[in-house]
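The chain contents come next:
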Amino acid sequence: MKDKQSRHSWHKLRRKQRGSQQEDLTSMKEVAEHFFEGVEKLLEVWVGPYDHRNQKSDLRNIPREALDELMEDAKCEIISTRSSSLVDAYVLSESSMFISRCRFILKTCGTTTPLKCIPRLLGLVKQHTGFTQVEDIFYSRKNFRQPSLQDETHRSFTAEVEALENMFPTGQAYCLGRLNGDCWYLFALDRPYALLGGGRVGPLATPALAAPHRHQPDQTLEVVMTDLEPEVMALFHQSQCATAAEATKRSGIDQLLPGVRIDDVLFDPCGYSMNGLLDNGCYVTIHITPETEFSYVSFETNIPQSCYKDVINRVVDCFKPGKVLVTVFANKSSEANEFARQLKLPTLRSEYRQRDLQYCSVRGYDLVYALFEEWPS
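Read on for a plain summary of the structure. Remember, predicted model here, so these are calculated numbers, not experimental data. (Residues numbered from 1 in each chain as written. Predicted model: local features only at pLDDT ≥ 70, side-chain atom pairs only at ≥ 80, totals over all residues. Heavy atoms only, no water.)

## Quick look at the overall build of the protein
The helix and strand tally for the protein stands at eight helices and 18 strands. Burial status across the protein gives 53% buried among its 377 residues. In the protein, once contacts between residues fewer than 6 apart in sequence are set aside, the share between residues at least 24 apart is 67%. For the protein, the accessible surface area stands at approximately 17,700 Å², while carbon and sulfur atoms represent 49% of it. (Helix = DSSP H or I, 4+ residues; strand = E, 2+ residues; numbered from the N terminus. Buried < 20%, exposed > 50% of the residue type's maximum accessible area, 1.4 Å probe, protein only. Contact = heavy atoms within 4.5 Å. Areas by Shrake-Rupley, 256 points an atom, 1.4 Å probe, with all protein chains shown as cover.)

Structural data, given as structure tokens:
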């Protein structure tokens, strides 16, 4: 009798486990069906040489209609635009684009294909500007949550490097972080290329192997956050905030960098993007995927500072993430180049512990990567 009762109890437990497993599978299927990849692919293209006597020497001369077609190659579209005297900023259906005199930045999330727009972009540069060289290309991203959902070109970093090397035969590919965890990928050219017709490039007549020396400081701070506080993420659903302006104010985004002129969008039913401009040509951009199962927030700016500690902590306090990934990419002329050494010191609030810290020098730039996790976790 005891054995019979034990078998009965065991079968009852198994039915309960199967029911629980079925519920888990159903829940996983529901998440997969509405999953959105918040991780962005960041493409940065520098062209030159700049000739102040040639008024065509400006990427902002590329017509708007041509930019719309360019975004079709990347599988996104322009929603809104703002300009300062030094930069044009575009909010996209999937993140942002910034265009200044010599630099083109495209940052796209979801299943977009930014690498596929490079040939058309180079053709537009050749057609509408006075530039004759591609001086630098940087392509970077965090590892995806679900890489299998990406277009074949972006399904792995190996595939992305192959696509880039098909256009630019020489380059440098890096991975910072953990191959079996959070990491950050970077591809950079190791030499400039001549712009040819038809969106192609070729070797320079006089090869230049050294890094181009930019007298102007150049720096990028990125703060990537995951496992975010649900109450904060709720503000980026239209059920909680009726407008982007309301979400910006209630979340405290408007206080992160005072003086920034904001262009923000709240998506239906959820999601948020913001571009901000300063008169000195600097920008800030924030993108939010608020769903609890795959919440993600990115913050990026090129505002020069010798110490980003206060900025990073304001961003972390605003969104309350479980994990924080920080990268600083700065050339030798930038005061932000000093910040790499400061990341050896306690940078975030005491409830966060540093998990990884790595450095890399890439053709005139210094890169620092750091990963922080809420403690205890």
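## Here we look at the packing of aromatic side chains
Under the criterion given, the structure shown has ten aromatic pairs. Look at Phe138 and Phe329: their rings are 5.0 Å apart centre to centre, the planes differ by 85°, and that puts the pair in the edge-to-face class. A residue pair is termed long-range when its members are at least 10 positions apart, and Phe138 in strand 6 (residues 133-142) and Phe329 in strand 16 (residues 321-331) qualify at 191 residues. Taking the relative accessible area as the measure of exposure, Phe138 reaches 4% and is therefore buried. Look at Phe329 and you get buried, because its relative accessible area is 9%. Where Phe138 meets Tyr365, the ring centres are 5.2 Å apart and the plane angle is 70°; that geometry is what we call edge-to-face. Taken together, the residues Phe138 in strand 6 and Tyr365 in strand 18 (residues 365-374) connect sequence positions 227 residues apart. By relative accessible area, Tyr365 is classed as buried at 2%. (Phe/Tyr/Trp six-rings, centres within 6.5 Å; stacked < 30°, edge-to-face > 60°.)

## Observations concerning the nonpolar core
In this structure, Leu43, Met97, Phe104, Leu106, Val134 and Phe168 are the most contacted members of the largest nonpolar core, which totals 60 residues. It is strand 8 (residues 183-189) that provides the largest number of residues to this core, a total of seven residues. In this structure Leu43 touches Phe104, Ile105, Leu106, Pro114, Leu115, Cys117, Ile118, Ile137, Phe138 and Tyr139, once residues within four positions along its chain are discounted. Within the second largest apolar cluster, 44 residues are counted, among which are Val232, Met233, Ala247 and Cys318. (Core = buried A, V, L, I, M, F, W, Y, C linked by side-chain atoms within 4.5 Å.)

## Quick look at a negative patch on the surface
Taken together, the side chains of Glu229, Glu231, Glu351 and Glu374 define an acidic patch exposed on the protein surface. Its location among the elements puts Glu374 in strand 18. Take Glu374: its relative accessible area is 36%, and that puts it in the partly exposed class. (Patch = residues over 30% accessible without salt bridge, like charges linked within 9 Å, V, L, I, M, F, W, Y side chains within 5 Å. Salt bridge = Lys/Arg side-chain N within 4 Å of Asp/Glu carboxyl O. Lys, Arg positive; Asp, Glu negative; His and termini not counted. Charge placed at Lys NZ, Arg CZ, Asp CG, Glu CD.)

## Details of the pairing of strand 11 (residues 219-228)
When you tally the buried positions in strand 11, you get nine out of ten residues, the bulk of the element. Pairing analysis gives nine bridges linking strand 11 to strand 16, with the strands arranged antiparallel. Each residue of the ladder has a partner; that of Glu222, found in strand 16, is Thr327. Bridge count between strand 11 and strand 15 (residues 296-301): six bridges; the pairing is antiparallel. Across the sheet, Val223 pairs through a bridge with Phe299, a residue of strand 15. (Pairing = 2+ DSSP bridges.)

## Describing the sheet that holds strand 15
Pairing is antiparallel in the open sheet, where eight strands are placed in the order 12-13-14-15-11-16-18-17. Only two strands of the sheet have a single partner each, and these edge strands are strand 12 (261-266) and strand 17 (352-362). Neighbour to neighbour, the strand axes of the sheet diverge by 10° on average, direction disregarded. Packing against the sheet, helix 6 (residues 244-251) makes contact with strand 12 and strand 13 (272-277), and its axis sits at approximately 115° to strand 12. Contacting strand 11, strand 14 (283-289), strand 15, strand 16 and strand 17, helix 7 (residues 309-319) crosses the sheet at an angle of about 25° to strand 11. (Axes fitted to C-alpha atoms, helices over the stretch in contact; angles between N-to-C directions.)

## Let's talk about the pattern of salt bridges
Any two side chains of opposite charge can pair, on the condition that their charged atoms come close. Inspection of the entire model under this criterion finds 22 salt bridges. Across the pair Arg120 and Glu69 runs a salt bridge, and its minimum N-O distance is 3.6 Å. In this pair, Arg120 is assigned in helix 3 (residues 118-128) and Glu69 in helix 2 (residues 64-73), connecting sequence segments 51 residues apart. For Glu69, a relative accessible area of 39% gives the class partly exposed. Taking the shortest distance from any N to any O, the salt bridge between Asp263 and Arg82 comes out at 3.6 Å. Here Arg82 lies in strand 2 (residues 78-83) and Asp263 lies in strand 12, a separation of 181 residues in the sequence. Assessed through its relative accessible area of 42%, Arg82 is described here as partly exposed.

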